Protein chains: 2
Amino acid sequence: MPVGGYVAGIDLGGTKIYAALADLEGRVINELKVPTPAREGYEAVIRRLAAAVGQLQEEAGLPGPPLALGVGAPGPLDPAAGVVYQAPNLGWRDVPLKADLERLLGVPVYLDNDANLAALGEHRYGAGRGAAHMVYITVSTGVGGGLVLGGRLYRGATGGAGEVGHLVVDPRGPRCGCGSYGCLEALASGTAMAREARRLVAAGRGRAILEAAGGDPASITSEAVARAAAAGDEEARAIIAAAGRALGIGMAGILNLLNPAVVVLGGGAMRAGTLFWEAMEEELARRALEASRRAARIVPAALGERSGVLGALALAAGGARGEPPYSEP
Amino acid sequence: MPVGGYVAGIDLGGTKIYAALADLEGRVINELKVPTPAREGYEAVIRRLAAAVGQLQEEAGLPGPPLALGVGAPGPLDPAAGVVYQAPNLGWRDVPLKADLERLLGVPVYLDNDANLAALGEHRYGAGRGAAHMVYITVSTGVGGGLVLGGRLYRGATGGAGEVGHLVVDPRGPRCGCGSYGCLEALASGTAMAREARRLVAAGRGRAILEAAGGDPASITSEAVARAAAAGDEEARAIIAAAGRALGIGMAGILNLLNPAVVVLGGGAMRAGTLFWEAMEEELARRALEASRRAARIVPAALGERSGVLGALALAAGGARGEPPYSEP
């Protein structure tokens, strides 16, 4: 048993559960990844979460339960009340996740949204270590993010801060899932790239992309676009560059508003490569105020798919120490 | 002499100097407003600042000097080094304002940019009192702002945070003074409204606006646009509504990113009236995430032209108490 006890962390996604145990300094003891039984309903998922913690504890030969559990869940949610308001991938609405897990496990549970905890993970153990002010942006199916200001997670008045994906980047742009138009998420996400590619194909173009998707328009994904681009296809390259530019425009606004020391970029879309990154940097150079641009290191995330679970461990460790990692109570 | 001593505050503008004395709770003892001798050069201005403090002290019959002086100056500047990098209205470049005023007055001087101190003033004594997280936006010739997060001024990594005016609102919009395109400032400021009106007049339209400007295209200002709009002119009304919509688009991004409890709107453009305000609220309703929109009270600034000097007094009082009002050292 680690001196001072240990904590548990869970990154709960729509398809997989990533769970780990660590000591209070964030040294991981062991970890596991299991599918999320989303279709079996809420009860099945929370029992699976509790079982994952028990299994890790047993495998590590730890005699007692963890001091606390940190959980990152898809939002919107209320960290203080411990309630997930809405998680479409899981089919959840207004579920008291914190209270239910505390009942099942008998230990204090700390809850936050997955992007906030990925930000915290990168700040404590990854690419943002030591930065006073860090912005985390993740570009994958959607665009999410989290803010670590003054070394602590900034949550805003009602826990809704950090919705980087819903900065307006082009007011006449495509409709966003949030109801607005031209949000960063509607222009730079993997979903947005796939939508543009499908539009191209529907218009009788985008032949290389369609081929990369196996010839089926319905199978066009951002990965297919990336494959076609890697093979030199100009249409695919243009889609990726447009997404990168949208990210640069949104990020310029973030630099001008928050003047962070570090911006950490995570998520699958970062694998779109130098084309995406260069388009982003070009817009940043045009649009960010020089002092704030020079002040910010823009770096890829360092923890890959472990950023969320490591953030959950940091949250649990902070809670166990009586020092929750938030910018205020 | 107030118990515990008193402090001085100065809001230094391109045309006027606003100075005041107050006790450590921000109760103003006396104040004065004098023109800025900008054309006489830097030395003349700092002597005038020092003289204003001396004059106030004498008029109030205070036996000793203030505990500290807070100064709000046009940025960009470095609050820690006490240097104003650039103040075009004053013709300044890289001037050591803090050190020079400390030499002239013999008391500690705290420096920050005018928009940050207006934000602090509204937070301590005005429309944002008691808010954990407050965003201040001022719309006048330009668009500026300041962030009070966790009850303290948030400055960012290098003192550049809060540049609300340089959020990109329309990437294909008009060129901004900062070099980018379609910034909030380039679309919602008084300068932007006047530019649109002049463009209209140059195209042979905008007759009512031209009349409101006395018939001289070069004299068209946002005030002339506001007068024509108040008289019912549709072209003027459209210009004001477009500016209000731009503010709403930018503000939606700010709500989604920072989830503030209060947004305080100051500056002359707020006098453009309900048309401006309603256009802004319409975009906010379309574009801000519902929870963050419901969490934020959007209110007009309460301190008028005194917000900056009251913020300077709060800065000086914090400094005198050894508790500078910043979110971190």
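Residues numbered from 1 in each chain as written. Chains lettered and ligands numbered in written order. Predicted model: local features only at pLDDT ≥ 70, side-chain atom pairs only at ≥ 80, totals over all residues. Heavy atoms only, no water.

1. Structural notes on the overall build of chain A
Along its length, chain A carries 11 helices and 13 strands. Taking all 329 residues of chain A together, the buried fraction comes to 57%. Considering only intrachain contacts with a sequence separation of at least 6, the fraction spanning at least 24 residues in chain A is 61%. Averaging the locations of the 31 positively and 33 negatively charged side chains of chain A gives two centres separated by 3 Å. (Helix = DSSP H or I, 4+ residues; strand = E, 2+ residues; numbered from the N terminus. Buried < 20%, exposed > 50% of the residue type's maximum accessible area, 1.4 Å probe, protein only. Contact = heavy atoms within 4.5 Å. Lys, Arg positive; Asp, Glu negative; His and termini not counted. Charge placed at Lys NZ, Arg CZ, Asp CG, Glu CD.)

2. Structural notes on helix α3 (residues 114-125) of chain B
All names here are of chain B. With 12 residues, α3 should cover 16 Å at 1.5 Å per step; its first-to-last C-alpha distance of 16 Å lies within 8% of that length. Among all positions of α3, only Ala115, Asn116, Leu117, Ala118, Ala119, Leu120, Gly121, Glu122 and His123 are buried. For α3, the side-chain oxygen to backbone nitrogen distance between the N-cap and Ala115 is 2.9 Å, and the N-cap itself is Asn113. (Expected span 1.5 Å × (residues − 1). Polar contact = N/O pair within 3.5 Å; in protein donor to acceptor, adjacent residues only side chain to side chain.)

3. With respect to the interface of chain A and chain B
At the interface, 43 residues of chain A touch 43 residues of chain B. The largest per-residue losses of area from chain A upon contact with chain B belong to Tyr154, Leu257 and Arg287 of chain A, which jointly make up 19% of the total buried on that side. The salt bridge involving Asp170 of chain B is made with Arg172 of chain A; its shortest N-O contact spans 3.1 Å. Our count for the chain A to chain B interface comes out at 20 residue pairs in polar contact (both at pLDDT 80 or more). Secondary-structure elements contributing two or more residues to the side of chain A that touches chain B are β10 (143-149), α8 (234-258), α9 (274-287) and α10 (290-295) of chain A. Among the elements that line the side of chain A that touches chain B, the one with the most residues is α8 of chain A, at six residues. The class makeup of the residues in the side of chain A that touches chain B is 22 nonpolar, 14 polar and seven charged. (Buried area = accessible area lost by both parts, 1.4 Å probe. Salt bridge = Lys/Arg side-chain N within 4 Å of Asp/Glu carboxyl O. Nonpolar A, V, L, I, M, F, W, Y, C, P; charged D, E, K, R; others polar.)

4. Points about the pairing of strand β10 (residues 143-149) of chain B
Residues and elements named next belong to chain B. Extensive coverage of β10 is indicated by the burial of seven of its seven residues. Residue alternation in β10 divides its side chains into two sets, Val143, Gly145, Leu147 and Leu149 and Gly144, Gly146 and Val148, and both sets are buried. Pairing analysis gives six bridges linking strand β9 (residues 134-139) to β10, with the strands arranged antiparallel. Bridged to Tyr136 within β10 is Gly146. Between the antiparallel neighbours β9 and β10 lie three residues. By the bridge criterion, three bridges tie β10 to strand β11 (residues 152-154) in an arrangement that is antiparallel. What sits directly across from Val148, in β11, is Leu153. Hairpin connection, β10 to β11: the antiparallel pair is bridged by two residues, and Gly150 has positive phi, about 60°. (Pairing = 2+ DSSP bridges.)

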